Number of protein chains: 2
Amino acid sequence: MAKNITPKEKNYSEWYLDVIRAAELADYAPVRGCMVVRPNGYGIWENIQAVFDKAFKETGHVNAYFPLLIPNSFMEREAKHVEGFAPECAVVTHAGGAELEEPFVIRPTSETVIGHMYSQWVQSWRDLPILINQWCNVMRWEKRPRLFLRTSEFLWQEGHTAHATREEAMSETFTMLDVYQRLMNDELALPVLYGEKSENERFPGADNTYSCEAMMTDKKALQAGTSHFLGQNFARAFEISFQDKNGERAFAWTTSWGVSTRLIGAIIMTHSDNDGLVLPPRVAPVKAVIMPISSNEATLRDKLEPEAVSLEREINSALGGLYAKVDKQYHNRPGDRFFHHLQRGVPIRVEIGEREFEADSVVLVRRDTAQKERVARAEAPNRVKELLAEIQKNLYDKAKAFREANTHDVTNMDDLKKFFTDEGAGGFARVYFGGTPDDEGEIKYVTGGATIRCMPLDDDSTGNCVYTGKPGARRVILAKAY
Amino acid sequence: MAKNITPKEKNYSEWYLDVIRAAELADYAPVRGCMVVRPNGYGIWENIQAVFDKAFKETGHVNAYFPLLIPNSFMEREAKHVEGFAPECAVVTHAGGAELEEPFVIRPTSETVIGHMYSQWVQSWRDLPILINQWCNVMRWEKRPRLFLRTSEFLWQEGHTAHATREEAMSETFTMLDVYQRLMNDELALPVLYGEKSENERFPGADNTYSCEAMMTDKKALQAGTSHFLGQNFARAFEISFQDKNGERAFAWTTSWGVSTRLIGAIIMTHSDNDGLVLPPRVAPVKAVIMPISSNEATLRDKLEPEAVSLEREINSALGGLYAKVDKQYHNRPGDRFFHHLQRGVPIRVEIGEREFEADSVVLVRRDTAQKERVARAEAPNRVKELLAEIQKNLYDKAKAFREANTHDVTNMDDLKKFFTDEGAGGFARVYFGGTPDDEGEIKYVTGGATIRCMPLDDDSTGNCVYTGKPGARRVILAKAY
């Protein structure tokens, strides 16, 4: 057990911050609520960006960049949008040494300013669809910040598309939801549920919001990504109109979708343990650390380190990238060196001591299970590659089993209330719900905070509403959430 | 001659904006002085980012992310820094519905907040060097904005490093200057001069600034990148100190270096012509456009388009990326289709008409020279690859010859004044200068704006100062600049 990490059973949120601190992923900035993403954390974000960006391009999207500042008047054009975001905005009132005529807000999201630009770019049906994404920073002032999960500034991507028909925009909304859930499963080892949001939880200004929902190891839900069908709301507010094939003027249909640095929080809380960070190999910046170990300096210099450096090259070649790294912190004790990388979530440790060197072998140690195995030196690069795939699969399977073990059918309000108390099982309650937004609010109140996370798209069964008792209600997942 | 583009001889700055508009690279945003980088422009930026990021990592740097907002008090800790940047800052005074106790500025550059973080991360000499870069947006309020060259918000990278010794920090400063000039030459086809800045042109807070300077086709200079040796100025202001090997407390030595979306402006003004954008192949998002051409729909559908699609695949395979694109805008006339891609700077057009199809050949047309050649279909992918390299080299050679033809030795003030008048040759004046900052100011005044662009590092000759006449003066390049 690590001394510098509070056990998660004792205090989950302290454990979370301790894991981040020990792995040097992020720090609070000197600006309240903002964070510094340190190189170890940013490396994870770069890997996330690479896989998502590739998938966006494969589905026909291109990147662009829109301005950080949004005129206040733009925010006010879509009634629900301004209601949802205005309380969280940071406002620029002065610039270039003078007070501004109209204040600007720092973008909390960019539907408004992008809508304004699209209205200028779209004239005819031939200009559609527009399929644009941007990677950028956004700002939503947070009263209770938490690193990666809720910070006043965060990094994200926001896709914004405009289409000639409702059907095309709906199809885009689902395409991106599908991209999200596939990449979260396959690359981040996050087994997410995906479905429609209830009215209460919709994006301000959307007709429909769809989300991916993951379960953290404290059984709370985390919304990991959203895809919004915006109908014609922003097209009307910003006059994105075009001449259709029949020569008639029509409003476009738009969508938006995003994932953020929050995903790093989800990865931490899904996979890490009381020793510190555990990373799925596919997003780990360093996938294998190679450790020459000896108390004899000459042995290190003449035998072990050269061997480690060759192995680094061979592993990198087997993995097709610069993913292995030799640890040369010989001034530290081996135990401290092990721990250094273990707390940073490096998936595999490769040990080369004198005994291994003489026997032409190495020892491989998995971060996820702590299992050790001795393999012939020549087989090491391929075995590392295999092991990384095994670790990735194991983390996904474990997380999925955990979610399934903590998802329960609940059929009446008494059981539901009990489910979310300290004596209850907690986790995801699978219920039928057909009530109003107010009924949902009442459930949130009596359960101490549980909300509808989503109505799963792959479950079209119906049943009696847990709240009203009426039949024909839809399946929903209720949980407390980050 | 393109009707939608003002000839550069007539009005260079209108020509510049027309080229950008015709290529759909960027638009002014609804926020004064800010820009929207459209997909065609952002694609160039992504290619620039890729090559620079790779080089940063190869020289041992890692990426991170620091906050957008900087407490006002931080800016004031380094006297020259605040003097240089305060007049350009945008200020956040309200957030989360309330007035802030201390206002924040939106980062114009991040030495201050990064210095603050480094002071917390550095304790011992073992924590050094810190070699961090960040890709982000910055804001410097502009009174006379111009797309890509001077906008209130722009995108850039800023490297910030901290070292145990002066020598290491100096070496880092030169390493990054060298990376910059190499990539500008090889990837962007910008033949840059590189050297030290004079005191007047230094970064506010730096002991020394080094820059890469390019010549635009109106003979004005453009500063394309800078590398700053910051001495211990920021280390002292933010208390970045450490215990050295002898157990003594010492201040770190820091550097910073950056390139921005300004580079896109440099590329446009170095290579483009009166028909529109010309792009060096290595940064062109689309490197070859393939055009099936026929007035017969069946021929297009059954013969030419399938052929074009196979060729696209083969060219992409030869180039190792998704760089070729089939043009299917059959509703437009061939001339309009040619022009569409020509104005977007696509380096090579591949034409496949019926005649070419029957003869098992294609026609290749270069953007830079308009030269056409007919090649056998089977040879097309390799020939495209060769041609791209030829175009890249031609653009570089042409730009270098232009700079050399417009660089002149000037030895006295009368000639210098004349050089920068309408009757003079204009361009880069190569002079010796050993005067004071005030003398430099006087030269700027009498020449109508010429400043010392840099003191070239590869020229250590000395001579009589053009201003004072005193011997032993250093070689400097004087020019009017963007």
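Computed from a prediction, not measured in an experiment: that's the story for all the values here. (Residues numbered from 1 in each chain as written. Chains lettered and ligands numbered in written order. Predicted model: local features only at pLDDT ≥ 70, side-chain atom pairs only at ≥ 80, totals over all residues.)

Overview of the overall build of chain A
Then step 1. Across its full length, chain A carries 14 helices and 24 strands.
Then step 2. The C-alpha atoms of chain A give 25 Å as radius of gyration, which agrees with the globular expectation for 482 residues (23 Å, within 12%).
Then step 3. In chain A, the share of contacts with a sequence separation of at least 24, taken over all contacts with a separation of at least 6, comes to 66%. (Helix = DSSP H or I, 4+ residues; strand = E, 2+ residues; numbered from the N terminus. Rg over C-alpha atoms; globule rule 2.2 N^0.38 Å. Contact = placed C-beta atoms within 7 Å.)

Points about the relation of the copies chain A and chain B
Then step 1. By a simple turn and slide, chain A fits onto chain B: the slide is 0.0 Å along the axis, the RMSD is 0.0 Å, and the turn is 180 degrees. Taken together, the rotation and translation relating the two chain copies correspond to the operation of a two-fold axis. It is V92(A) whose C-alpha, among those of chain A, lies nearest the rotation axis, at 2.1 Å. (Least-squares fit on C-alpha atoms with pLDDT ≥ 70 in both.)

Some words on the interface of chain A and chain B
Then step 1. Counting from both sides, the interface comprises 41 residues of chain A and, opposite them, 41 residues of chain B.
Then step 2. Elements supplying a minimum of two residues to the side of chain A that touches chain B: β2 (35–37), α2 (39–58), β3 (62–63), β4 (69–71), β5 (90–95), α5 (111–121), β7 (130–139) and β8 (153–163) of chain A.
Then step 3. Counting residues per element, the side of chain A that touches chain B draws most heavily on β5(A), at six residues.
Then step 4. Classifying every residue of the side of chain A that touches chain B by side-chain character gives 27 nonpolar, eight polar and six charged.
Then step 5. Note: β5(A) against strand β5 (residues 90–95) of chain B, five bridges, orientation antiparallel. If you follow V92(A) over to β5(B), its bridge partner there is V92(B). (Nonpolar A, V, L, I, M, F, W, Y, C, P; charged D, E, K, R; others polar. Pairing = 2+ DSSP bridges.)

Structural notes on the sheet that holds strand β6 (residues 98–106) of chain A
Neighbouring strands of a sheet are bound in pairs by backbone hydrogen bonds; such pairs are parallel or else antiparallel.
Then step 1. The antiparallel open sheet is built from six strands, whose spatial order is β4(A)-β6(A)-β5(A)-β5(B)-β6(B)-β4(B). Only two strands of the sheet have a single partner each, and these edge strands are β4 of chain A together with β4 (69–71) of chain B. Shown here is a sheet whose adjacent strand axes are inclined to one another by a mean of 45 degrees, direction ignored. (Axes fitted to C-alpha atoms, helices over the stretch in contact; angles between N-to-C directions.)

Considering the sheet that holds strand β15 (residues 288–293) of chain A
Residue and element names in this part refer to chain A.
Then step 1. Pairing is mixed in the open sheet, where five strands are placed in the order β16-β15-β17-β18-β19. Each having just a single partner strand, β16 (324–326) and β19 (372–376) make up the two edges of the open sheet. Taking the axes of each pair of neighbouring strands and ignoring which way they run, one obtains an average angle of 25 degrees across the sheet.
Then step 2. Pairing between strand β18 (residues 361–366) and β19: five bridges, direction antiparallel. Bridge pairing in β19 places V365 opposite K372.
Then step 3. Against the sheet, helix α12 (residues 380–405) contacts β15, β17 (348–353), β18 and β19, and its axis sits at roughly 10 degrees relative to β18.

Concerning the packing of helix α9 (residues 297–319) of chain B against helix α12 (residues 380–405) of chain B
Residue and element names in this part refer to chain B.
Then step 1. Two numbers describe how α9 lies on α12: the axes approach to 9 Å, and their chain directions differ by 50 degrees. As far as their axial angle goes, α12 and α9 are oblique. As for how α9 packs across α12, the hand of that crossing is right-handed. Counting all contacts with α9, which are made through L311, E314, I315, A318 and L319, the residues of α12 involved are A380, P381, N382, V384 and K385.
Then step 2. For the contact of α9 with α12, the residue count by class is seven nonpolar, one polar and two charged. (Parallel < 35°, antiparallel > 145°, perpendicular 65-115°, else oblique. Left-handed = near helix turned anticlockwise from the far one by under 90°.)

Here we look at helix α1 (residues 12–23) of chain A
All names here are of chain A.
Then step 1. In this model, α1 (twelve residues) spans 17 Å end to end at C-alpha, consistent with the 16 Å of a helix rising 1.5 Å per residue.
Then step 2. Considered for burial, the residues of α1 that qualify are W15, Y16, D18, V19, I20, A22 and A23.
Then step 3. Buried-residue contacts for α1 involve β1 (26–28), α2 and α8 (262–271).
Then step 4. Count one or two residues on from α1 and you reach E24, which has phi positive near 55 degrees. (Expected span 1.5 Å × (residues − 1). Buried ≥ 20, exposed ≤ 12 C-beta atoms within 10 Å, placed from the backbone.)

Let's talk about the confidence of the model for chain A
Predicted coordinates in areas of low pLDDT are best not read in detail.
Then step 1. Per-residue pLDDT for chain A averages 97, and the proportion of residues at 70 or more is 100%.
Then step 2. Scoring the predicted complex yields pTM 0.97 and, for the interface, ipTM 0.96. (pLDDT = per-residue confidence, 0-100.)

Focus on the environment of G231(B)
Then step 1. By secondary structure assignment, the location of G231(B) is in the loop between β11 (221–229) and α7 (233–238).
Then step 2. Excluding residues that lie within four positions of it along the chain, G231(B) makes contacts with D207(B) and W253(B).

Looking at the environment of L395(A)
All names here are of chain A.
Then step 1. Within the secondary structure, L395 sits in helix α12.
Then step 2. Given 25 C-beta atoms within a 10 Å radius, L395 is considered buried.
Then step 3. Along the sequence, L395 and L279 sit 116 residues apart, while their C-alpha atoms lie 8.7 Å from each other.
Then step 4. Non-local contacts of L395, meaning those with residues more than four positions away in its chain, are made with A189, H271, P280 and D368.

A few points about the pairing of β18(A)
Residues and elements named next belong to chain A.
Then step 1. Pairing of β17 with β18, which is carried by four bridges, proceeds in the antiparallel orientation. Looking across to β18, one finds that V350 is bridged to L364.
Then step 2. What sits between the antiparallel neighbours β18 and β19 is a turn of five residues, in which A370 has the positive phi angle 65 degrees.

With respect to α12(A)
Then step 1. Its 26 residues place the ends of α12(A) 36 Å apart at the C-alpha level, agreeing with the 38 Å of an ideal helix rising 1.5 Å per residue.
Then step 2. Buried residues of α12(A): A380(A), P381(A), V384(A), L387(A), L388(A), I391(A), Q392(A), L395(A), A399(A) and R403(A), and no others.

Comments concerning the environment of N274(B)
All names here are of chain B.
Then step 1. Its place among the elements puts N274 in the loop between α8 (262–271) and β15 (288–293).
Then step 2. By C-beta crowding, N274 is classed as partly exposed, having 15 other C-beta atoms within 10 Å.
Then step 3. Note: C-alpha distance between N274 and K8 (266 residues apart in sequence) is 6.5 Å.

Let's talk about the pairing of strand β6 (residues 98–106) of chain B
Regular strands show a simple pattern: their side chains alternate between the two faces of the sheet.
Residue and element names in this part refer to chain B.
Then step 1. Bridge count for β4 against β6 is three bridges, and the pairing is antiparallel. Counterpart to L69 in the pairing with β6 is I106.
Then step 2. Pairing of β5 with β6 involves four bridges; the strand directions are antiparallel. Paired with V91 across the two strands is V105, which belongs to β6.
Then step 3. The loop that links β5 with its antiparallel partner β6 comprises two residues; one of these, G96, has a positive phi angle of about 60 degrees.

Considering unusual backbone geometry
Residues and elements named next belong to chain A.
Then step 1. In this model, L128 is joined to P129 through a cis peptide bond whose omega is -5 degrees.
Then step 2. Structurally, the position occupied by P129 is in the loop between α5 and β7.
Then step 3. Positive phi, normally seen in glycine, also occurs at A370, with a value near 65 degrees.
Then step 4. Considering the arrangement of structural elements, one finds A370 in the loop between β18 and β19.
Then step 5. A370 sits in the exposed class, given 11 other C-beta atoms within 10 Å.

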